[in-house]
Amino acid sequence: MNSKSIPRIDHIYLDRNAARSPLAKRILRTLRGIPVTLVTNKNAFLKKIEKIPLTTGKRNLWLTNFKGAFLKPCPATGTDYLCCGYRILNAQTHCPLDCTYCILQNYLNVPLITVYVNTGNIAREIDTLIASEPRRLFRMGTGELTDSLALDRLTRLNETLIRHVLGKKMILEIKTKTAQIDHLPEIPKKNVLISWSLNPDAFIRTEEHRTVSLEVRLKAARKALKKGYRLGFHFDPLLMLPGWKKQYAELLEKLTSAVPEKEVMWISLGSLRYPSSLKKVIEERFPKTKITTAEFVKGLDGKMRYFRPERVGLYRHVYSEVRKRWKDVFVYFCMENSTVWREVTGDAPEGNDHLDYLFHESLVRRFPDLKLPAPGLSLYRQTAS
Ligand code: SF4
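Residues numbered from 1 in each chain as written. Predicted model: local features only at pLDDT ≥ 70, side-chain atom pairs only at ≥ 80, totals over all residues.

### Digging into the site of the ligand
Test applied: Working rule for contacts: place C-beta from the backbone, and if it is within 6 Å of a molecule or strand, that residue counts as near it. Each residue is assigned to one class: nonpolar for Ala, Val, Leu, Ile, Met, Phe, Trp, Tyr, Cys and Pro, charged for Asp, Glu, Lys and Arg, and polar for all the others, Gly among them.
Around the ligand, the structure places Cys95, Leu97, Asp98, Cys99, Cys102, Leu104, Thr146, Asp147 and Lys177. Residues that form the shell around the ligand fall into these classes: five nonpolar, one polar and three charged.

Laid out in structure tokens, this is it:
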């Protein structure tokens with residue numbers, strides 16, 4: 001393995017109860033030479049490391065077991081915003097990249113990159129979920145509390161998942177801001193997509209530290225296509241930084257020239273949002289950032305967002321730049337309300353189940369080779385009636 005493909009790790013903390021796991025052993029073998037501390041008292045250790053600065057924490061690895069289910073509904077479920085019913089697979093938390101707006105900076109108590117090494121049950125959890133609602137099409141992904149691929153050469157989690165879910169009646173999404181895809185297996189083109197979060201290069205340079213440039217992300221997307229993956233793109237967070245109109249228009253031009261629409265399963269739009277308590281952390285860690293200087297309003301979920309008219313203007317611009325070039329790709333808003341949906345697109349899902357249904361309907365129509373069952377109308381009617 002090329003050591004350059006694994007981010008710098010200065011120290012490994014190994015939970016005694018996780019030491020026998022094959023994954024922990026493999027990680028230790030790969031990172032041979034890096035000092036390891038065996039943790040015998042987990043509670044005392046977690047208390048001790050609570051105050052470690054995140055910048056240091058991102059160079060330290062904590063290998064432990066996870067108690068409970070890996071597969072969960074997206075945290076947006078149950079909020080006052082429309083949520084698409086996505087499921088998240090959390091086998092890691094934090095990542096070695098360092099985005100100024102990263103919500104995890106004050107969301108998680110453990111400031112170290114944490115890898116849960118008891119992942120043997122994930123496949124069963126997925127199968128149980130699919131079997132629980134056979135008419136539903138579950139979408140799930142590994143990139144909610146971490147970047148899916150930043151550490152994947154070390155953990156190889158995604159390869160195991162990809163091989164397990166290939167051809168099943170579900171969609172697996174691997175979400176990243178890296179170009180670390182060479183280690184992923186070549187697969188027949190089916191139900192697995194790799195998606196990239198995109199921003200203009202000028203914003204990547206100031207707000208998405210240690211990630212790769214836009215050009216490198218798009219090049220990786222083309223390579224992923226050749227390896228059999230479908231694609232997704234997330235314009236999230238959209239940032240109203242100087243020159244944003246021109247920057248996002250250029251970005252859309254670059255994206256739509258780089259890959260064909262027919263391979264793109266979905267595009268999400270989400271504007272910058274963060275809990276008010278994160279502002280101080282962002283400004284302390286990134287004194288040069290400009291993202292917190294705009295005017296914000298506190299949303300129903302306690303998160304700061306651009307004022308609604310501003311958000312609508314931002315979305316309208318990006319949405320129209322997408323639609324100018326791509327008429328058919330499924331575009332959705334992440335954690336937005338139906339008023340915003342309607343003001344931007346002229347229409348809005350009637351509720352969370354309806355949005356889930358719309359995903360299903362679009363995938364059935366646009367990817368007939370997947371031979372997905374027709375979306376259950378009753379699922380839709382539950383919400384619409
Ligand atoms: S890639 Fe995602 S998890 Fe990693 S720092 Fe950026 S926002 Fe946070």
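From this point, things continue past the structure.
### What about the sheet that holds strand 3 (residues 60–64)?
Cut-off, in case you're wondering: Pairing between two strands requires that DSSP report at least two bridges joining them. Secondary structure elements are defined from DSSP: runs of H or I of at least 4 residues count as helices, runs of E of at least 2 residues count as strands, and each element is numbered from the N terminus.
With mixed pairing, the five strands of this open sheet are ordered in space as 2-1-3-8-6. Each edge of the sheet is formed by a strand with only one pairing partner; in this case those strands are strand 2 (36–39) and strand 6 (92–93). Bridge count between strand 3 and strand 8 (residues 113–116): four bridges; the pairing is parallel. Paired with Leu63 across the two strands is Val115, which belongs to strand 8.

### Comments concerning helix 9 (residues 244–258)
As a reminder, the rule being used: To estimate how far a helix should reach, multiply one less than its number of residues by 1.5 Å. The exposure label follows from counting other C-beta atoms within 10 Å of a residue's C-beta, where the C-beta atoms are placed from the backbone and the thresholds are 20 or more for buried and 12 or fewer for exposed, leaving partly exposed in between. It is the directions from the helix axis to the C-beta atoms whose arc is reported. A pair of residues counts as a contact when their C-beta atoms, built from backbone coordinates, are separated by no more than 7 Å.
In this model helix 9 runs 21 Å from its N-terminal to its C-terminal C-alpha over 15 residues, within 8% of the 21 Å that 1.5 Å per residue would give. By the burial criterion, the buried members of helix 9 are Tyr248, Leu251, Leu252 and Leu255. Looking straight down helix 9, one finds its buried side chains confined to an arc of 100°; they lie on one side. For helix 9, the exposed residues lying more than 90 degrees away from the buried face are Lys246 and Ser257. Where helix 9 is buried, its residues meet helix 8 (214–226), strand 13 (230–238) and helix 11 (308–325).

### Digging into the pairing of strand 11 (residues 192–197)
Burial analysis of strand 11 places six of its six residues in the buried class, the great majority of the element. Because side chains alternate across strand 11, one face comprises the buried residues Val192, Ile194 and Trp196, and the other comprises Leu193, Ser195 and Ser197, equally buried. Of the strand pairs in this sheet, strand 10 (residues 170–176) and strand 11 are connected by five bridges, and their pairing is parallel. Looking across to strand 11, one finds that Ile174 is bridged to Ile194. Where strand 11 meets strand 13, five bridges bridge the pair, whose relative direction is parallel. Residue pairing in the sheet places Trp196 in a bridge with Phe233 of strand 13.

### Describing the pairing of strand 10
Successive residues of a regular strand alternate their side chains across the two faces of the sheet. For strand 10, the tally of buried residues reaches six of seven residues, placing the bulk of the element in the interior. Pairing geometry for strand 9 (residues 138–141) and strand 10, over four bridges, is parallel. Looking at strand 10, one finds that Arg139 is bridged to Ile171.

### Digging into the nonpolar core
Keep this limit in mind: Only buried Ala, Val, Leu, Ile, Met, Phe, Trp, Tyr and Cys residues enter a nonpolar core, and they are joined through C-beta atoms within 7 Å.
Formed by 93 residues in total, the largest nonpolar core has its most connected members in Leu63, Leu172, Leu231, Phe233, Ile267, Tyr315 and Val318. Other than its neighbours up to four places away in sequence, Tyr315 contacts Leu269, Phe333, Val340 and Val344.

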